[in-house]
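# Architecture at a glance
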Amino acid sequence: MILAEIITRLKGQMVINLLITFFGLITTVLTVRLYGLSVFGELVVINAVIGILTIINLIIPPNYSVYKLQDDPKFINVLLFVNFLLAVFVIVISSIYFYHTLNGLSFIYSVIYSLFLSLQSFVDVYCQSKNKLTQYYFLILSMAIVKFLGIGLLSLNIPDLTGLLAAYALAQFAMIIVSAIYIKKCEPQLRCKLDYLIVISFFRENMNSLKGYYLSAILKRVNDNSLPLIFSAYLTKSEIGLFTLLQKSLAMGVTFLRVFEAALFHRQTAKVIDEDLRKFIPLLLLTHLTVLVCGAAYIYFSIEILMYELVLISFLLYPLALTVTFRAKLFGQYNTLVINTAALLSLTAFIISVWVMKFMGLPGLMIAILSYSLLVIINAVVIYFGWKIINNEK
């Protein structure tokens, strides 16, 4: 594997992710137009419930599993068995919940959807660990296309929540079945051994390492969800809305960074990339340009052009790129101490800065941009220098 091949592959994966985002957007628009806001709102609630239930998949964190699977091939049996048990848990709890909130076929489709959605995390981890991300992204893209077509076709005969859930369940079912066939082809000896002792032994031996990952997952969720809650105490709803538009513009570039980060989670690929990280600067600059162009169009069609603010927040791509690069290195060393420290320090600085800037009388939107920038930069700096200190690099 050479660097030029990796760069070409990453470009292809970014294009696929762009198509996934596109189909996700038009699927949402189609859903609202064909089924109405009320049905779409019901779907949002169902997705939220399933999202809460599938948090249990973090019992073996994906960031841990990807590296463990590369370092210990036998770990796949533990991972498969645990994911099977978790899928059973999800289907039981979702059945109890949806039995009281949905009727008839809607109930059946929602349970099928939740079951196969819970199994997707195993496919994700497997493909990352085996450097088969292109195949995984194609599976996600195919699922997005099937979902889009299913919604359009089923709406002709079942123009209610049942038809919408049927389309989602069908797409998720097809994705998991194709994934299972593909993984079985790659791993012909793979069996789901129902051996509880192996699982108990695994947790007993690795619990100290897993605790750091659990804290990391909690801190990530807190960081992701605390921003609007903290802003709501100091900013107007309009100011929060404007900042969210800017943040969503930046998210377009972050999506591409996630592709790069996923590649770094494969040890052999990461080793080749480390040989000359400067080769990826043009790709980062292209991503920056994409954020500016697409972000300007997105904000313009939403409300108005906020070019100065967009340019300012777009430069956060660079500390974010630093974060994903060295966070992957730390996860590769099974080191969560630096990552968790960075999350705590950056969140603390964010909270304090919001209060200080509000006290100084700065405009609400500027408070949001500057405090968020501080959070991102401090997180990147702590992770970068933490990694250098741990590895005794100057």
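Below or above, wherever it landed, is the structure these notes cover.

What counts, and at which threshold
Residues numbered from 1 in each chain as written. Predicted model: local features only at pLDDT ≥ 70, side-chain atom pairs only at ≥ 80, totals over all residues. Heavy atoms only, no water. Helix = DSSP H or I, 4+ residues; strand = E, 2+ residues; numbered from the N terminus. Rg over C-alpha atoms; globule rule 2.2 N^0.38 Å. Buried < 20%, exposed > 50% of the residue type's maximum accessible area, 1.4 Å probe, protein only. Contact = heavy atoms within 4.5 Å. Areas by Shrake-Rupley, 256 points an atom, 1.4 Å probe, with all protein chains shown as cover. Lys, Arg positive; Asp, Glu negative; His and termini not counted. Charge placed at Lys NZ, Arg CZ, Asp CG, Glu CD. Salt bridge = Lys/Arg side-chain N within 4 Å of Asp/Glu carboxyl O. Core = buried A, V, L, I, M, F, W, Y, C linked by side-chain atoms within 4.5 Å. Patch = residues over 30% accessible without salt bridge, like charges linked within 9 Å, V, L, I, M, F, W, Y side chains within 5 Å. Phe/Tyr/Trp six-rings, centres within 6.5 Å; stacked < 30°, edge-to-face > 60°. Expected span 1.5 Å × (residues − 1). Polar contact = N/O pair within 3.5 Å; in protein donor to acceptor, adjacent residues only side chain to side chain.

Turning to the overall build of the protein chain, a few remarks are in order. Scanning the protein chain for helices and strands turns up 15 helices and zero strands. In summary, the protein chain has a C-alpha radius of gyration of 22 Å against a globular reference of 21 Å for 394 residues, a match within 12%. Along the first, second and third principal axes, the C-alpha set of the protein chain runs to 55 × 50 × 40 Å. Within the protein chain, the fraction of its 394 residues that count as buried is 47%. Expressed as a percentage of contacts within the protein chain between residues at least 6 apart in sequence, the contacts between residues at least 24 apart total 82%. Summed over all atoms, the accessible surface of the protein chain reaches about 19,800 Å², with 69% contributed by carbon and sulfur. Put simply, the protein chain has 28 plus and 18 minus side-chain charges, and the middle of one group is 4 Å from the middle of the other.

When charged atoms on two side chains of opposite charge get close, those side chains can pair. Counting across every chain of the model gives four salt bridges. Three or more residues are tied together by salt bridges with common partners; here these are Arg258, Glu261 and Arg327.

This part covers the nonpolar core. Grouped together as the largest cluster of nonpolar side chains are 66 residues, with contacts concentrated most on Leu10, Ile60, Met175, Phe202 and Phe280. For phenylalanine 280, the contacting residues outside a window of four places in its chain are Leu3, Ile6, Ile7, Leu10, Phe260 and Ile273.

A grouping of Phe84, Leu85, Val88, Val92, Ile96, Tyr196, Leu197 and Ile200 is seen on the molecular surface, where their side chains present a nonpolar patch of about 760 Å² in accessible area. If you list the elements that add at least two residues to the nonpolar patch, you get α3 (75-101) and α8 (196-231). No other element matches the five residues that α3 contributes to the nonpolar patch.

Counted according to the given criterion, the structure contains 25 aromatic pairs. Between tyrosine 99 and phenylalanine 107, the ring centres sit 6.0 Å apart and the planes meet at 80 degrees, which makes this aromatic pair edge-to-face. Residue classification places tyrosine 99 among the exposed positions, given a relative accessible area of 57%. Plain terms: the ring middles of phenylalanine 265 and phenylalanine 331 are 6.0 Å apart, the flat faces sit at 45 degrees to each other, and that makes the pair tilted. Of this pair, phenylalanine 265 sits in the loop between α9 (237-264) and α10 (267-274) while phenylalanine 331 sits in helix α13 (residues 317-332), and the two are 66 residues apart along the sequence. Per residue, the accessibility class of phenylalanine 265 equals that of phenylalanine 331, and both read buried. The rings of Tyr64, Tyr67, Phe75, Phe202, Phe203, Tyr213, Phe265, Phe331 and Tyr334 are connected pair by pair, giving a single aromatic cluster.

So, about helix α4 (residues 104-118). Counted at 1.5 Å a residue, the expected span for α4 with its 15 residues is 21 Å, and the 22 Å between its end C-alpha atoms agrees. Every buried residue belonging to α4 is among Ser106, Ser110, Val111, Tyr113, Ser114, Phe116 and Ser118, and all of these are buried. Looking at the buried positions of α4, the neighbouring elements they touch are α1 (3-53), α3, α5 (120-129) and α7 (161-186).

What follows deals with the environment of asparagine 206. In this fold, asparagine 206 is placed in helix α8. You can call asparagine 206 buried: its relative accessible area is 12%. Along the sequence, asparagine 206 and tyrosine 384 sit 178 residues apart, while their C-alpha atoms lie 26 Å from each other. Among the polar contacts made by the side chain of asparagine 206, one reaches the side chain of tyrosine 64 at a distance of 3.0 Å.

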